[in-house]
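Inside the fold
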Amino acid sequence: MLVAFMFREVCRPMTLRLAAVAALLVLTGCASLVRESAPGGADAAPPAYVAEPGRDAATIAQMRAAPPPETPSLVEGRNPLGDQNRLAAQGFVRIGTAHYAADVGVAQAHDDAARLGRTVGADRVMVYAPAAAGATPPAWLAAYYVRFKLPFGATFRDLTPAERAALDGAGGGVAIGTVVGGSPAERANLLSGDVVTALGDAPVADRASFQRLLRANAGRAVTLTVVRNGETLRRVVRLGAVATEPH
């Protein structure tokens, strides 16, 4: 009996050590599997999408030229800034970007970019390989674009009673909201918060009248009378050819 007891006491530490080693091997094996499957695999974290300022879902829905496609067009980009300027001339506005790991393969990068593009309602996705993205540390870049209606290039709304009262008898007008980069409104140096009181010689009574004036002058250069911080300014805006501007 004494022999059996001593045998158990001697073997117990060995058993515990063997169990610990086995557990360590299991954990190490699992960790190695996670590391191997993470890049571009099902376990990989999705790219973090960063929306451009003023490009919330409501504004995009209001400003886009057409409903979002079922699948956005995917294009391999060359230079993010150069591509943005080129697309702006075609009415495309960047709504956001996403960066994700440099070790993701080309096919996976394109799949991830297209999937996120469907989620955010992009019309076009520009994908940049780590060498072209210019990120530090290197990473894939996806830039998401929507074609906006840009005959004018800004949202506008009716004035509040307080805003009307502050115009010193001007009576009517519209307040400028979001100004789209690269649009006629931005090129004319219009700013959010500006109040437009006239287009040419025609006074702007409210949102509906400004909309009618934009349509009637589509494709022309017009002079807007603008009140900014109490100062009256004149701004020349070359309107686009299709004046179906959101408001």
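In this text, all values refer to a predicted model and were calculated from it rather than measured experimentally.

Rules used in this analysis
Residues numbered from 1 in each chain as written. Predicted model: local features only at pLDDT ≥ 70, side-chain atom pairs only at ≥ 80, totals over all residues. Heavy atoms only, no water. 1 Å grid on protein atoms, 1.4 Å probe; cavity = no way out; pocket = protein on both sides within 12 Å on 5 of 7 lines; lining within 4 Å. Points joined across faces, edges and corners; volume = space filled by probe spheres on them. Nonpolar A, V, L, I, M, F, W, Y, C, P; charged D, E, K, R; others polar. Helix = DSSP H or I, 4+ residues; strand = E, 2+ residues; numbered from the N terminus. Buried < 20%, exposed > 50% of the residue type's maximum accessible area, 1.4 Å probe, protein only. Phe/Tyr/Trp six-rings, centres within 6.5 Å; stacked < 30°, edge-to-face > 60°. Lys NZ or Arg CZ within 6 Å of the ring centre and 35° of its normal. Salt bridge = Lys/Arg side-chain N within 4 Å of Asp/Glu carboxyl O.

Counted as a void, the second largest pocket has a volume near 220 Å³. Lining the second largest pocket are 14 residues, and of these Val-195, Val-227, Arg-228, Asn-229 and Gly-230 lie nearest its centre. In the lining of the second largest pocket, the residues fall into 5 nonpolar, 5 polar and 4 charged.

Bringing the environment of Ala-135 into the picture now. Topologically, Ala-135 is positioned in the loop between helix 5 (130–133) and strand 5 (139–147). Looking at Ala-135, the relative accessible area reads 21%, which means it is partly exposed. Separated by 36 residues in sequence, Ala-135 and His-99 have C-alpha atoms that sit 8.5 Å apart.

Moving on, we come to the packing of aromatic side chains. One pass over the full model with this rule turns up 4 aromatic pairs. Aromatic pair Phe-152 and Phe-210: ring centres 5.5 Å apart, planes at 85 degrees, arrangement edge-to-face. Taken together, the residues Phe-152 in the loop between strand 5 and strand 6 (154–158) and Phe-210 in helix 8 (residues 207–216) connect sequence positions 58 residues apart. In this structure an aromatic cluster arises from ring pairing among Phe-152, Phe-156 and Phe-210. Above the face of the Phe-92 ring, Arg-124 is positioned so that its terminal group lies 4.6 Å from the ring centre.

If you check the backbone angles, Asn-189 has positive phi at about 65 degrees while not being a glycine. Its location among the elements puts Asn-189 in the loop between helix 7 (184–187) and strand 8 (195–199). The exposure class of Asn-189 is partly exposed, given its relative accessible area of 38%. For Asn-229, which is not a glycine, the phi torsion comes out positive at approximately 50 degrees. If you trace the backbone, Asn-229 turns up in the loop between strand 10 (221–228) and strand 11 (231–238).

Moving on, we get to the pattern of salt bridges. Within this structure, the stated rule accounts for 6 salt bridges. Here Arg-94 ties to Glu-52 by a salt bridge, and the two come within 3.4 Å at their closest N and O atoms. Note that Arg-94 is positioned in strand 3 (residues 92–101) and Glu-52 in the loop between strand 1 (48–51) and helix 2 (57–63), a separation of 42 residues in sequence. Judged by its relative accessible area of 23%, Glu-52 falls in the partly exposed class. Ionic pairing is found between Asp-83 and Arg-86, a salt bridge with its closest N-O pair at 3.5 Å. You can see Asp-83 and its partner Arg-86 sitting in helix 3 (residues 80–88), 3 residues apart, about one turn around the helix. The exposure class of Arg-86 is partly exposed, given its relative accessible area of 40%.

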